[in-house]
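Understanding the architecture of this molecule
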Amino acid sequence: MADCYLCGKRAVFRTEDGPLCAEHFSKWYENGVANAISRYSMVNPGDRICVGFSGGKDSTVLLAALCRLNLDCELVAVTVDEGIGGYRDDTILAAKDTALRLGVEHRIVSFKDICGKTLDELLANSPQAACSVCGTLRRRALNAAAREIDADSIATGHCLDDESQSVVMNYLRGDVTRATASFNSNSGDLFIRRIKPLCRSTERATVAYGLCNNLLVPLPECPYTRYALRKDVRTWLGKLEYEKPGTLIRIADGQEELLSKMPKAEGEKKILGRCEKCGEPTSNKLCAACQQLERLM
Amino acid sequence: MTKVILPEGNVTETEAGTVEEIIFRLGFNPYEVLATADGCLLLGDEFCSDDVELRLTSIVHGG
Ligand SMILES: [Zn+2]
Ligand SMILES: [Zn+2]
């Protein structure tokens, strides 16, 4: 049993600096989030931030950590109800409860509101499209909610593991376009800025923070199967991170350095127009969400 | 035997040992699970005796 190297109390988490007790670990985690926020200038004084809040582990920790940091900004938590039978109802109740406990304004937007159908109804004939359809529509729902509440940015719970997995996946797929798209990319002024305050925090530390601060309730997993490649990459990177701690941050840092050395292609900034159907910004006739919907309806 | 509550909620029993030994023995990747006892997080080298009820939480996010 190890003791906290700062105060001698029982340690709960081993950081690269040494083992920490629950209190010092929580401070350490919050500092990491604060450093990421200033490293990428994610928040300006007075900002209104729409926090994508699914009620899952990462977004719950995101919301709690943002509250604890006492940033000079306003937070509005937004939960997207995809309409997944037997899974979503419990997580939405948990989300409501957490937002109430944290004293954060909470809104719920549903797929049914934005396109007239639940995810289950949309996928009745093509369940294999679940994650891509869900991702596209969730992005649209969050954008719509953010615009409605006049938000300056949308914060999501993507953590370091997600970022590093994406880097490796782009290489594995040979997707040079994505591999060279900038990290915290802002696709023109038509979109609301996206921020990822947990992007320098590991999933492991994120969940540990949630457990230490009694933020997590056991919830059912999404019934739709996940994208297989990410699952493999996640398992593989998790092994490497265990054997060679720091692997995840080295991947993210390496990618960032690589991008900083690349010439900024002028052609990269496509002039965006508006979707003919819904008015969302897009460089095509129809936005990604409307294209998806057209295929499914 | 040490009682272990698995991430999916199933309960199993295993011989006493360190948290990490138990996690390996049950076939998990130690990076992907966190262990708690009485709601308190445990480090990998902590020894779990017979009377400890160990709860494993998967860090992998759902949905
Ligand atoms: Zn301490
Ligand atoms: Zn559209």
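Look up: the structure comes first, before these words.
Throughout what follows, the structure given in this document is the object of discussion. (Residues numbered from 1 in each chain as written. Chains lettered and ligands numbered in written order. Predicted model: local features only at pLDDT ≥ 70, side-chain atom pairs only at ≥ 80, totals over all residues. Heavy atoms only, no water.)

1. Structural notes on the coordination of the zinc ion (ligand 1)
All names here are of chain A. Distances from the zinc ion (ligand 1) to its protein donors, namely Cys-4 (SG), Cys-7 (SG), Cys-21 (SG) and His-24 (ND1), fall within the range 2.0 to 2.3 Å. Every donor counted, the 4 donor atoms about the zinc ion (ligand 1) form angles of 99 to 115° at the centre, which fits tetrahedral coordination. Judged by its relative accessible area of 36%, Cys-7 is partly exposed. Residue Cys-21 is classed as buried on the basis of its relative accessible area of 3%. (Donors = N, O, S within 2.8 Å, 3.2 Å for Na, K, Ca; no water. Tetrahedral: all angles 85-135°; square planar, octahedral: opposite > 155°, others 65-115°. Buried < 20%, exposed > 50% of the residue type's maximum accessible area, 1.4 Å probe, protein only.)

2. Some thoughts on the sheet that holds strand β7 (residues 53–58) of chain B
The strand order β2-β1-β7-β4-β5 (chain B) describes an open sheet built from 5 strands, whose pairing is mixed. Edge positions in the sheet fall to β2 (11–14) and β5 (40–42) of chain B, since each of these pairs with one other strand and no more. The sheet shows a mean angle of 35° between the axes of neighbouring strands, taken without regard to direction. As paired strands, strand β4 (residues 33–37) of chain B and β7 of chain B are joined by 4 bridges and run antiparallel to one another. By the bridge assignment for β7 of chain B, Leu-34 of chain B is matched with Thr-57 of chain B. The sheet strands contacting helix α9 (residues 203–212) of chain A are β4, β5 and β7 of chain B, and the helix crosses β4 of chain B at an angle near 20°. (Pairing = 2+ DSSP bridges. Helix = DSSP H or I, 4+ residues; strand = E, 2+ residues; numbered from the N terminus. Axes fitted to C-alpha atoms, helices over the stretch in contact; angles between N-to-C directions. Contact = heavy atoms within 4.5 Å.)

3. Regarding the coordination of the zinc ion (ligand 2)
Residues and elements named next belong to chain A. Listed as protein donors to the zinc ion (ligand 2) are Cys-275 (SG), Cys-278 (SG), Cys-287 (SG) and Cys-290 (SG); their distances from the metal cover 2.3 Å. Geometry at the zinc ion (ligand 2) is tetrahedral, judged from its 4 donor atoms and the angles of 104 to 118° they form at the metal. When the donors of the zinc ion (ligand 2) are listed by position in the chain, the intervening gaps give C-x2-C-x8-C-x2-C. Residue Cys-275 is located in the loop between β8 (273–274) and β9 (281–282), and its partner Cys-287 is located in the loop between β9 and α12 (288–296); the two are separated by 12 residues in the primary sequence. What makes Cys-275 buried here is its relative accessible area of 4%.

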